[in-house]
Amino acid sequence: MAENVVVGAGLAGMVAAINLAREGREVLVLERESRVGGSPLYHPSPEGTPIDLPRLAEYTGIDISGAVARFKAGSVVVYGEKVTVDMDAISSVVIERGPRSTSLDSYLYELAVKEGVKFEFNHPVISNDDTVKLPPDTIIATGLYFEGFDALRVPYLTSFHFVTRRKVPDEEANHVTVYHGQFTSDYAYTCSVNGIQFAHVFQRRPIGKDTLHAFTEQVFVSEGIEFDGWEQFTFPVPAASINNPRLFAGDKILAGTLAGCMESYMFFGMLGALVSGKIAAMAVSDKARAYQEFKLATSAFKGAYLMKKMGNITPHWLHRLMLLQGIPRLSEYPALADVVKRAIPGWRNCERAGA
Ligand SMILES: Cc1cc2nc3c(=O)[nH]c(=O)nc-3n(C[C@H](O)[C@H](O)[C@H](O)COP(=O)(O)OP(=O)(O)OC[C@H]3O[C@@H](n4cnc5c(N)ncnc54)[C@H](O)[C@@H]3O)c2cc1C
């Protein structure tokens with residue numbers, strides 16, 4: 001039997017590989033690093049996102065609840081003013097990413113190995129020439145790396161990041177605080193899970209030391225924590241064009257962030273990656289059906305893209321007012337929470353699966 005190839009042992013790649021293996025296919029995953037868990041620059045890290053776990057399991061055939069925790073507390077610091085968020089109203093969960101045994105990446109890897117998927121580590125697929133040599137219907141799921149976008153000529157924006165992390169006691173785990181303020185036109189946060197706390201500030205234009213200083217100071221005032229040891233990096237995000245989401249590139253199938261399954265306002269990408277892994281596997285045998293599923297998965301992309309464009313020209317005072325009015329009302333008005341959730345790629349596929 002011919003081997004199905006998947007490039008990238010991240011969320012989308014592993015969900016695709018597991019689904020193909022369950023169809024009785026031979027599957028080989030090519031991964032650039034020497035292990036699963038992605039870039040050591042920003043992993044391990046806690047990531048948060050709205051996910052309906054039972055419906056996701058129904059849609060993808062994979063129950064990830066063993067690698068997911070509920071948030072104990074969530075707040076947003078809006079230009080210095082702290083507001084509590086009802087994390088359950090937006091079904092938000094926290095997930096460890098990276099190479100540790102407690103991460104979702106390790107959880108999916110173990111499952112994939114059990115299903116008979118083969119992995120070849122230290123095998124980067126970098127250039128367009130490398131990609132062309134792969135068999136038709138190869139699934140490319142290389143995530144937030146420039147090479148994949150360049151090789152397949154997918155338009156991207158560069159986003160600029162500072163991250164750092166520290167150990168925290170268990171009782172401080174599963175907390176998130178999101179920061180909006182003058183210091184970034186995007187946002188920043190601190191988040192903890194499984195004994196690590198991560199701080200992250202980013203923006204779609206270069207970040208100066210003054211920005212980092214303003215964020216560090218705000219975290220100290222709001223949470224009493226002093227972070228240091230910051231690392232700087234950039235990555236590509238599929239928010240450069242309103243038409244970014246794409247399931248196919250020539251005879252290859254795309255999945256995850258590279259396919260545009262990342263929400264273009266807040267950059268939530270985990271749910272989209274998991275759902276698009278299932279869709280990519282479907283595309284190997286039924287392209288028409290997979291295309292319809294992909295359109296549903298990314299149906300909110302354009303709205304979020306336009307919201308962000310408007311957000312970029314919204315003055316800080318209006319941004320502050322909107323956040324202070326909207327965040328406390330998430331649990332009061334389920335329709336408002338639904339708008340947030342349905343903007344996340346993949347949410348609507350899961351919603352329909354559970355209907
Ligand atoms: C610091 C940070 C914080 C984030 N926070 C959140 C969050 O809170 N909530 C949320 O929903 N999303 C968040 N995201 C986004 C989320 O991580 C991604 O959208 C998601 O991981 C995308 O999944 P993927 O399968 O496309 O790629 P990934 O899971 O990143 O996997 C890509 C895999 O491909 C491999 N690879 C890359 N290039 C090559 C190559 N050339 N050849 C072979 N292998 C290659 C990588 O090593 C990696 O294993 C965050 C991202 C970062 C970096």
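1. Comments concerning the overall build of the protein
Assigned secondary structure in the protein consists of twelve helices and 16 strands. In terms of overall dimensions, the protein is globule-like: its C-alpha atoms have a radius of gyration of 19 Å, near the 20 Å expected for 355 residues. Each principal axis of the C-alpha distribution contributes one length, and for the protein these read about 60 × 40 × 35 Å. Scored against the burial criterion, the 355 residues of the protein give a buried share of 56%. Considering only residue pairs separated by 6 or more positions, the protein has 75% of its internal contacts joining residues 24 or more positions apart. Total accessible area on the protein is roughly 15100 Å²; 54% of this is exposed by carbon and sulfur atoms. Separation of charge centres in the protein, based on 35 positive and 39 negative side chains, amounts to 5 Å.

2. Observations concerning the site of the ligand
Around the ligand sit 36 residues in total, of which Glu 31, Gly 48, Arg 97, Val 125 and Gly 269 are the nearest. Within the backbone of Gly 48, an N or O atom sits 2.8 Å from a nitrogen atom of the ligand. Note that an oxygen atom of the ligand is positioned 2.8 Å from one of the side-chain N or O atoms of Arg 97. For the ligand, the accessible surface in isolation is 990 Å², of which the surrounding protein chains cover 96%. Contributing elements (two or more residues each) for the shell around the ligand: α1 (11-22), β3 (45-50) and α7 (270-285). Classifying every residue of the shell around the ligand gives 19 nonpolar, twelve polar and five charged.

3. Considerations on helix α8 (residues 287-297)
Those residues of α8 that fall on the buried side of the exposure criterion are Ala 290, Glu 293, Phe 294, Leu 296 and Ala 297. Down the axis of α8, the sector holding all buried residues measures 160°, keeping them to one side. Check the buried side of α8 and you find it contacts α2 (53-60), α7 and α12 (347-353).

4. A few points about the sheet that holds β3
On the basis of which strands lie adjacent, the open sheet formed by three strands has the order β3-β7-β4 and antiparallel pairing. Either end of the sheet is taken by a strand with one partner, and the two such strands are β3 and β4 (68-70). In this sheet, neighbouring strand axes are inclined to one another by 35° on average, regardless of whether the strands run parallel or antiparallel. Pairing analysis gives three bridges linking β4 to strand β7 (residues 92-97), with the strands arranged antiparallel. Within β7, the position partnered with Arg 70 by the bridge is Val 93.

5. Notes on helix α9 (residues 301-313)
Over its 13 residues, α9 runs 19 Å from end to end, which matches the ideal 18 Å to within 8%, given 1.5 Å per residue. If you check which residues of α9 are buried, you get Phe 301, Ala 304, Tyr 305 and Lys 308. Down the axis of α9, the smallest arc covering the buried residues is 105°, so these residues share one side. Opposite the packed face of α9, turned more than 90 degrees from it, sit the exposed residues Met 310 and Ile 313.

Criteria and thresholds
- Residues numbered from 1 in each chain as written.
- Predicted model: local features only at pLDDT ≥ 70, side-chain atom pairs only at ≥ 80, totals over all residues.
- Heavy atoms only, no water.
- Helix = DSSP H or I, 4+ residues; strand = E, 2+ residues; numbered from the N terminus.
- Rg over C-alpha atoms; globule rule 2.2 N^0.38 Å.
- Buried < 20%, exposed > 50% of the residue type's maximum accessible area, 1.4 Å probe, protein only.
- Contact = heavy atoms within 4.5 Å.
- Areas by Shrake-Rupley, 256 points an atom, 1.4 Å probe, with all protein chains shown as cover.
- Lys, Arg positive; Asp, Glu negative; His and termini not counted.
- Charge placed at Lys NZ, Arg CZ, Asp CG, Glu CD.
- Near = heavy atom within 4 Å.
- Polar contact = N/O pair within 3.5 Å; in protein donor to acceptor, adjacent residues only side chain to side chain.
- Nonpolar A, V, L, I, M, F, W, Y, C, P; charged D, E, K, R; others polar.
- Arc of directions from axis to C-beta.
- Pairing = 2+ DSSP bridges.
- Axes fitted to C-alpha atoms, helices over the stretch in contact; angles between N-to-C directions.
- Expected span 1.5 Å × (residues − 1).

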